[in-house]
Amino acid sequence: MFPYFIMLIFCGIPLFFMELSFGQFASQGCLGVWRISPMFKGVGYGMMVVSTYIGIYYNVVICIAFYYFFSSMTHVLPWAYCNNPWNTRDCAGVLDASNLTNGSRPATLPSNLSHLLNHSLQRTSPSEEYWRLYVLKLSDDIGNFGEVRLPLLGCLGVSWVVVFLCLIRGVKSSGKVVYFTATFPYVVLTILFVRGVTLEGAFTGIMYYLTPQWDKILEAKVWGDAASQIFYSLGCAWGGLITMASYNKFHNNCYRDSVIISITNCATSVYAGFVIFSILGFMASHLGVDVSRVADHGPGLAFVAYPEALTLLPISPLWSLLFFFMLILLGLGTQFCLLETLVTAIVDEVGNEWILQKKTYVTLGVAVAGFLLGIPLTSQAGIYWLLLMDNYAASFSLVVISCIMCVAIMYIYGHRNYFQDIQMMLGFPPPLFFQICWRFVSPAIIFLQAQVHRRLPQNPLHFGSLPERNVLLHQLPQRGGVPKHDPPAPPSPARTYKPQVRVREVPRARRQRSPRLAPLGPPSPKPHPCSAAGPLSWDCPVQNRHSLARSSARLLANSYAAGPEARQWEPAP
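Quick caveat, the model's predicted, so the values are computed rather than measured. (Residues numbered from 1 in each chain as written. Predicted model: local features only at pLDDT ≥ 70, side-chain atom pairs only at ≥ 80, totals over all residues. Heavy atoms only, no water.)

With that settled, the discussion passes to the overall build of the protein chain. Looking only at helices and strands, one finds 18 helices and two strands in the protein chain. When each of the 573 residues of the protein chain is scored for burial, the buried share is 57%. Within the structure as shown, the protein chain displays about 23,300 Å² of accessible surface, and the carbon and sulfur contribution to it stands at 65%. (Helix = DSSP H or I, 4+ residues; strand = E, 2+ residues; numbered from the N terminus. Buried < 20%, exposed > 50% of the residue type's maximum accessible area, 1.4 Å probe, protein only. Areas by Shrake-Rupley, 256 points an atom, 1.4 Å probe, with all protein chains shown as cover.)

See the structure below:
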């Protein structure tokens, strides 16, 4: 965890604060904020592309969680035993199939089954065969799409309908829904944690989770994985932070918000790790194997290893329902942010009166397009394409976007201008630590991480590495290296789904803007008379300085003084 916390302190929190302050000051989405330097507007389009790719396949993961949630509404979990039509001869479950009829469970495994689990190289668990052969009906090649899995297609439709209904009124409706989606997972995590730590072998799993491997600390890949983990966990360079911050009040203390949210996010990651590894330790103790042999990542953890561990608990369908309901809530919270980022960017870019009034139709159109584009991912080869998009759509691109954003704001727009803008907005300049990180430390770390990524060996992707992100936790940090008993490390870095970030709990309607927003022009040669029009006293903060600060302040002052008819952007004189 040492590389994880180093990246959090010197890269994650500073970039998180930068994006929040950037969006809050401009009150624009990920495209409109680049009026400060129109030549870098491509960074905003890059954020939109990343959010589009992830929004398409992310809802497919949510739909699979829906499928498992509905499948858990039964007396016996369908992945508990090997007596189902889809099971093969290599299937060997942790439960004795002979006890299915009377519902009893053996205290210890029979010797022949334990020998099979420990020494057979062909052993597959019933949960893995349920995942591959029944849920996915996995094809043998990425080009062999086969049939569309109708149960998954139906669940995909359900997930998109839920997302649209929660965003039908924009942040006014999603802001209320997120009270539940952001808090209830903590209740489920606490229930699972209390249950997990009371199981036999839980301490072994927790010690496996906490024990660092210092021999891996100097490996470049470990630090690259930590950086990727931070970007995904905090949601930097996605455009969502800028979009959500644009709904804040102008003088909201986003510095306080960024510190609290970042620390809470990482504390949740550590807490969730205790929940997961306590139950995995119990499973390893039940099987008589090392924890590294049952620990997995990505869908292998969320849809194979952890569901199999749940079958060992009393009243296993109840725990399964709680677990997948938590996954659904976490996924929906993130999907709200992704969809709102796209909708806000489209509305801000078009900017005419019609699209401002018909924002609901824009949301519906984006949801329908996302559903149609997600249909191929529900086919028998869909998981291959999900792997492809996950590893190449939003990995190295996040590093590039963040690096260019830092350079554009600090060295093109100017660090002095940006520090003065923050002081105007918050009443105090950014702390010296953030100033140093923004100007030197964070860009240097991002650049070095990009160079490391380029030089790492790029091995062919395979389904076994799909996708190396902890879908279960959305933010669970990986251990500082590959365990000694693990198979060789997969080719691409381990990451997590980013959590939903809400800067404000009370949503606020965005300020109306004119249909065509003129870019900032060069300063006029005539003197600028300072005025104190309107309720804002910072209409002329600095003489003869061409910056977004003056333009935004002038807009707000004039709009409050002249009424809604005169609320339009103008170049600063």
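Take the confidence of the model for the protein chain next. Scored by pLDDT, the protein chain comes out at a mean of 78, with 73% of its residues at no less than 70. In the model of the protein chain, strand β1 (residues 469–470) stands out as the element of lowest mean pLDDT, 34, in contrast to helix α5 (residues 150–166), which has the highest, 96. Throughout residues 96–121 the model reports pLDDT below 50, and contacts reaching past four residues in sequence, or to other chains, amount to 37 contacts. Every residue in residues 511–573 scores below 50 in pLDDT, and together they form 102 contacts with partners more than four places removed in sequence or on other chains. (pLDDT = per-residue confidence, 0-100. Contact = heavy atoms within 4.5 Å.)

The subject of this paragraph is the state of the cysteines. Tallied over the entire structure, the rule returns one disulfide. Unpaired in terms of disulfides, C63 finds its nearest cysteine sulfur in C155, a separation of 6.1 Å. Judged by its relative accessible area of 0%, C63 falls in the buried class. (Disulfide = S-S within 2.5 Å.)

Bringing the packing of aromatic side chains into the picture now. Within the structure shown, the criterion is met by 40 aromatic pairs. Relative to F433, the ring of F10 has its centre 6.0 Å away and its plane inclined at 55°; by these criteria the two rings are tilted. With F10 in helix α1 (residues 2–26) and F433 in helix α17 (residues 432–455), the pair connects residues that are 423 residues apart, well separated along the chain. Among the aromatic residues, those joined into a ring-pair cluster are F10, F17, F22, W34, Y255, Y418, F419, F428, F433, F434 and W438. (Phe/Tyr/Trp six-rings, centres within 6.5 Å; stacked < 30°, edge-to-face > 60°.)

With that out of the way, let us pick up unusual backbone geometry. With phi around 55°, S27 is a residue other than glycine that occupies positive phi space. Position of S27 among the secondary structure elements: in the loop between α1 and α2 (41–71). With a phi angle near 45°, K137 is a residue other than glycine that sits in the positive phi range. Within the fold, K137 resides in the loop between α4 (126–135) and α5. With relative accessibility at 32%, the residue K137 sits in the partly exposed group.

Right, let's get into the pattern of salt bridges. In the structure shown here, the tally under the stated rule is five salt bridges. Note that K41 is salt-bridged to E349, the shortest N-O span being 3.0 Å. Remark: E349 occurs in helix α12 (residues 316–350) and K41 occurs in helix α2; sequence separation between them is 308 residues. Close ionic contact of R132 with E128 constitutes a salt bridge, the shortest N to O distance being 3.3 Å. With a gap of four residues between them, R132 and E128 both fall in helix α4, about one helical turn apart. (Salt bridge = Lys/Arg side-chain N within 4 Å of Asp/Glu carboxyl O.)

Once that is clear, we can look at the packing of helix α6 (residues 171–197) against α12. At their nearest, the axes of α6 and α12 sit 9 Å apart, and the two run at 150° to each other. The orientation of α6 with respect to α12, classified from their angle, is roughly antiparallel. When the axes of α6 and α12 are compared, the crossing they make is left-handed. On the side of α6, the interface is formed by V171, V177, F180, T181, F184, P185, V188, L189, I191, L192 and R195, while α12 contributes W319, L322, F323, F325, M326, L329, L330, G333, F336 and E340. Across the contact of α6 with α12, the residue classes tally to 17 nonpolar, two polar and two charged. (Axes fitted to C-alpha atoms, helices over the stretch in contact; angles between N-to-C directions. Parallel < 35°, antiparallel > 145°, perpendicular 65-115°, else oblique. Left-handed = near helix turned anticlockwise from the far one by under 90°. Nonpolar A, V, L, I, M, F, W, Y, C, P; charged D, E, K, R; others polar.)

This part is about the nonpolar core. If you look at the biggest cluster of nonpolar residues, it comprises 150 residues, and the most contacted ones within it are W34, I54, Y68, Y418 and W438. With near-sequence residues (within four places) excluded, W438 lies in contact with P14, L15, F17, M18, M410, Y418, F419, I422, P430 and P443. (Core = buried A, V, L, I, M, F, W, Y, C linked by side-chain atoms within 4.5 Å.)

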